[in-house]
Amino acid sequence: MEKMPEQKKMSIIAIHGTLDMAYPPLILASTAATLDIPTTIFFTFYGLNILRKDATTSLKVAPLGNPAMPMPVPNIIGAIPGMTNMATYMMKSMIKKHGVATIPELISLCQETGVKLIACQMTVDLFGFKKEDLIDGIDYGGAAMYMEDASTSDITLAF
Amino acid sequence: MPLNISKTLDASGLGCPLPIVKTKKEIDNLSSGQILEVISTDPGSKNDMTAWCKRTGNELIEFAEQGGKFQFYVKKG
C-alpha cells in the first residue's frame, strides 16, 4: 500500500458574518475532516453570526457595494429597503438549485466530524451575544486558545 | 472482469463538499479492498475525488463519464 502522507493540522479564522463568507471556512473544515486533518475554526467579530442558532434566517448577502454579485445591482438600487433580503433570497435559491449544503448543514457536518468551533469570548461580550443565542457544542475562548492550535497547524487561513 | 461493487453512493445533484463528505462516510463503513461506486453530477468532483483518494490512501480504480454523470470506483486502502 502507498505510504500515507504525514499528519497535518489546520486552523481558520472566520471574521465575516455574511451568507457568502460563511461558506469557505465551513466547506474547507468539513472537507479537512474527510482527510483526517484536525481543524479548528475561531469565529470572531462578525464571524460570530455564523454560529447563531438562527443563522438560517440571519445570514444575508448585501447587493450594496458588492459588484461581484452574480447579477450586479447598481448601488442606488441596492440601497433601497428590501434589496438585501431580495439578494439573499436569490442567493439561497441558487444554493438550493445547485445542491449546495445550507450553513446549518455544514455546521452539523463539522460538529459530527470533530471540527473544533471556538467563539471569541471577547466579541461575544462586545456584541452582547448570550450563550443561548449561539449553537450548542462550541468552545469559548480568546486569542491564546486559538494560538495554541494555530501554532501547531500546517495550514492557517483567514476569511 | 466486472467490478465487484460493495456499495453504491448516489451523490447526484449535490455540490462541493457533499460528494466527498458522503464518500468518506461510506468508505468508513467498508473493509480494506472493498469497492465503493460513487455517482456524481458535480464537475468539480472529478479532480476532487482524484485528490481525495490520493491523500487518503484509497484507490480510484476506474472512472467513467456519461451524459453529465460521473462514476467513480474507489477501492478502500
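Keep in mind that what you see is a predicted model, and the values were worked out from it rather than measured. Within every chain, residues take consecutive numbers counted from 1 along the sequence as written. Chains carry letters and ligands carry numbers; both start at the beginning, A for chains and 1 for ligands, and go up in the order they are written. Thresholds applied to this predicted model are a pLDDT of at least 70 for local features of residues and 80 or more for the giving and counting of side-chain atom pairs; totals over whole chains, interfaces and linings are not thresholded and use all residues.

What to know about the interface of chain A and chain B
Size of an interface, as often reported, equals the accessible area lost when the parts are brought together.
Logical step 1: The contact criterion used is a C-beta to C-beta distance within 7 Å, with each C-beta placed from the backbone. Taken together, the contact pairs 14 residues of chain A with 14 residues of chain B.
Logical step 2: Residues are sorted three ways: Asp, Glu, Lys and Arg are charged, Ala, Val, Leu, Ile, Met, Phe, Trp, Tyr, Cys and Pro are nonpolar, and all the rest, Gly among them, are polar. Of the residues contributing to the side of chain A that touches chain B, the split by class is 8 nonpolar, 5 polar and 1 charged.

As for the nonpolar core
Residues and elements named next belong to chain A.
Logical step 1: Judged by nonpolar contacts, the single largest core of 45 residues is most densely connected at Leu26, Ala29, Ile41, Phe43, Leu106 and Cys110.
Logical step 2: Among the elements that make up this core, the one with the highest residue count is helix H1 (residues 19-34) (8 residues).
Logical step 3: Once you skip the residues sitting within four places of it in the chain, Cys110 turns out to touch Leu26, Ala29, Ser30, Val115 and Leu117. A set of buried residues qualifies as a nonpolar core if it consists of Ala, Val, Leu, Ile, Met, Phe, Trp, Tyr and Cys joined through C-beta atoms within 7 Å. Our exposure labels follow a C-beta count within 10 Å of each residue's own C-beta, placed from the backbone: buried means 20 or more other C-beta atoms, exposed means 12 or fewer, and partly exposed covers the counts in between. What counts as a helix is a DSSP run of H or I of at least four residues, what counts as a strand is a run of E of at least two, and both are numbered from the N terminus.

Structural notes on the sheet that holds strand S2 (residues 35-40) of chain B
Residues and elements named next belong to chain B.
Logical step 1: Across the sheet, 4 strands lie side by side as S1-S2-S4-S3; this open sheet has mixed pairing. Looking at strand neighbours, the two that pair on one side only are strand S1 (5-11) and strand S3 (59-66), the edges of this open sheet. The average undirected angle you get between the axes of adjacent strands in this sheet is 15°.
Logical step 2: At least two DSSP bridges between two strands are required for those strands to pair. Taken together, the 7 bridges between S3 and strand S4 (residues 69-75) define a ladder with antiparallel strand orientation. Bridge pairing in S4 places Phe63 opposite Phe72.
Logical step 3: As a rule, the C-alpha atoms of each element are fitted with a line to give its axis, helices using only the stretch in contact, and angles between N-to-C directions run from 0 to 180 degrees. Contacting S1, S2 and S4, helix H1 (residues 18-28) crosses the sheet at an angle of about 155° to S1.

A short note on the sheet that holds strand S5 (residues 155-158) of chain A
Strand pairing in a sheet relies on backbone hydrogen bonds. The paired strands run either parallel or antiparallel.
Residues and elements named next belong to chain A.
Logical step 1: Here 5 strands make up an open sheet; going across it, the order is S4-S3-S2-S1-S5 and the pairing parallel. Each edge of the sheet is formed by a strand with only one pairing partner; in this case those strands are strand S4 (139-141) and S5. Strand-to-strand twist of the sheet, defined as the mean angle between neighbouring strand axes without regard to direction, takes the value 20°.
Logical step 2: In this structure, strand S1 (residues 10-14) lies alongside S5, joined through 4 bridges in parallel fashion. Counterpart to Ile12 in the pairing with S5 is Leu157.
Logical step 3: Against the sheet, helix H7 (residues 143-150) contacts S1, strand S2 (39-43), strand S3 (116-120), S4 and S5, and its axis sits at roughly 145° relative to S1.

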